[in-house]
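Each chain, written out:
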Amino acid sequence: MPLLQKHASPLWGIWKIETRWEQLLAQSECPDLYRPFLDQCRSESRKAEWLAVRLLLRELTGRETEIAHRDNGAPYLPDSEYNISISHTKGYAAVILDRAHPVGIDIEYRSERVRRIKSRFLDESECARLAGASTEALLICWSAKETSFKMTGQCTADFRKDLRILSFECFADVGKIDVKEMLTAEIATYEITYAVTPAYVVTYGIACAGK
């Protein structure tokens, strides 16, 4: 079943990409709407990810909805009141929606690569506090910062300086982690929910959870 997860509160889900893009397109109610992008896209995997996001969005909202992008690259829905955030990784696509508040979601497949790049997203104090941390813990921190960045609506960020992990304890398969952002005038702290599976780590948040 391609629809891997669907949750109502908050409204979000994950699509497992198991088929080629042609088969995903065949599931669409509006294939002609998607052909301009598909015709100019050369990557087979990118086509599949792109279509999986739109099929997942249909599962969450009940209809196929156009996705547009702002100047900073952030997605939005021109004909819907929902705020949206999108993420995809090897074999999976994720979407979160909320009518009232900015949202963020990120999904990362499990890989030891996160150990090699941790200095790119953790500052010295965070690296010290996470010394000896598991791969899962590092993935949670990376993903939580990515989700928080999306929630700020900003164009760019230095993850080491602009986003700070406040909680490190009690990493489990499902839990919450606090991230403080220094990108906006509000300097909000976001409560980010995370889930760990054998295949991926997913994090998501809604800006109303800011502190």
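This is a predicted model, so every value here is computed, not measured.

Trainee: Is there a simple way to explain the pairing of strand β5 (residues 83-89) in this structure?
Mentor: Every other side chain in a regular strand lies on the same face of the sheet, so the side chains alternate between the two faces. The buried fraction of β5 is high, at five of seven residues. The pairing of β5 with strand β6 (residues 92-98) spans seven bridges and is antiparallel. Note on β6: the bridge partner recorded for T89 is Y92. As consecutive antiparallel partners, β5 and β6 are separated by two residues, and within that stretch G91 has a phi angle of approximately 90 degrees, a positive value.

Trainee: Explain the packing of aromatic side chains to me, please; I cannot follow it from the model alone.
Mentor: Here the distance between the centres and the angle between the planes together describe a pair of aromatic rings. This structure, assessed with the given rule, holds seven aromatic pairs. Both rings, one in F37 and one in W50, keep their centres 4.2 Å apart while their planes meet at 10 degrees; by these two values the pair is stacked. Placement of the pair is F37 in helix α2 (residues 31-40) and W50 in helix α3 (residues 44-61), with a sequence separation of 13 residues. For the residue pair F37 and W50, the accessibility class agrees, reading buried in each case. Residues W142 and F159 carry aromatic rings whose centres are separated by 5.4 Å and whose planes lie at 40 degrees to one another, so their mutual orientation is tilted. In this pair, W142 sits in helix α7 (residues 135-152) while F159 sits in helix α8 (residues 159-162), placing the two residues 17 residues apart along the sequence. Given the relative accessible area of 10%, F159 is considered buried. Put simply, the rings of F121, W142, F149 and F159 pair up and form one aromatic cluster. A cation over an aromatic ring shows up here: R70 above the ring of Y76, its NZ or CZ 4.3 Å from the ring centre.

Trainee: I would appreciate a short explanation of the environment of L25 in the present structure.
Mentor: Relative to the assigned elements, L25 resides in helix α1 (residues 21-26). Looking at L25, the relative accessible area reads 7%, which means it is buried. Considered as a pair, L25 and A207 are 182 residues apart in the sequence and their alpha carbons are 33 Å apart. Aside from chain neighbours lying at most four places away, what touches L25 is P31, Y34, R35, L38 and L51.

Trainee: Which parts of the structure should I look at to understand the sheet that holds strand β11 (residues 200-206)?
Mentor: By way of backbone hydrogen bonds, the strands of a sheet pair with one another, either parallel or antiparallel. Spatially, the five strands line up as an open sheet ordered β7-β11-β10-β9-β8, and their pairing is antiparallel. Among the strands making up the open sheet, the edge pair consists of β7 (103-109) and β8 (163-165). For this sheet the average axis-to-axis angle between neighbouring strands, irrespective of direction, equals 25 degrees. Relative to strand β10 (residues 189-196), strand β9 (residues 174-181) runs antiparallel, the two being bridged by seven bridges. Note on β10: the bridge partner recorded for G175 is Y194. In this fold α7 packs onto β7, β8, β9, β10 and β11, with an angle of close to 150 degrees to the strand it touches most, β7.

Trainee: Looking at this structure, I do not really get unusual backbone geometry. What am I missing?
Mentor: Note on backbone geometry: most residues besides glycine have negative phi, and most peptide bonds are trans. Between S9 and P10 the backbone carries a cis peptide bond, its omega angle lying at -5 degrees. Counting through the fold element by element, P10 comes out in the loop between β1 (3-8) and β2 (11-16). Of note in the backbone geometry, I187 takes a positive phi value of approximately 45 degrees without being a glycine. Tracing the backbone through its elements, the reader meets I187 in the loop between β9 and β10.

Trainee: Would you take a moment to explain the side chain of E49 for this structure?
Mentor: On the secondary structure map, E49 appears in helix α3. Although buried, E49 forms no salt bridge, and the nearest oppositely charged side chain, R46, lies 4.2 Å from it.

Quick notes on the rules
- Sequence order as written defines residue numbering, which begins from 1 separately in each chain.
- Local features in this predicted model are restricted to residues whose pLDDT is 70 or higher, and side-chain atom pairs enter the listing and the counts only when it is 80 or higher, whereas totals over whole chains, interfaces and linings include all residues.
- No hydrogens and no water enter the side-chain calculation; it runs on all heavy atoms of the structure.
- Accessible area is worked out with a 1.4 Å probe on protein chains only. A residue is then buried under 20% of its type maximum, exposed over 50%, and partly exposed in between.
- Strands are runs of DSSP state E lasting at least 2 residues, helices are runs of H or I lasting at least 4, and numbering of each runs from the N terminus.
- Any two strands between which DSSP finds at least two bridges are classified as paired.
- Pairs were defined over the aromatic rings of Phe, Tyr and Trp, the Trp ring being its six-membered one, requiring ring centres within 6.5 Å. Orientation was assigned from the angle between planes: stacked under 30 degrees, edge-to-face over 60, tilted for the rest.
- Counting as a charge over the ring demands two things of the Lys NZ or Arg CZ atom: a distance within 6 Å of the ring centre and an angle within 35 degrees of the ring normal.
- Only heavy atoms matter for contacts: two residues are in contact if any of them lie within 4.5 Å across the pair.
- Helix axes use the C-alpha atoms of the stretch in contact, all axes being lines fitted to C-alpha atoms, and the angles between their N-to-C directions lie in the range 0 to 180 degrees.
- His is not counted, nor are the chain ends; Lys and Arg add positive charge and Asp and Glu add negative charge.
- Salt bridge, as applied in this entry: a Lys or Arg side-chain nitrogen positioned within 4 Å of an Asp or Glu carboxyl oxygen.

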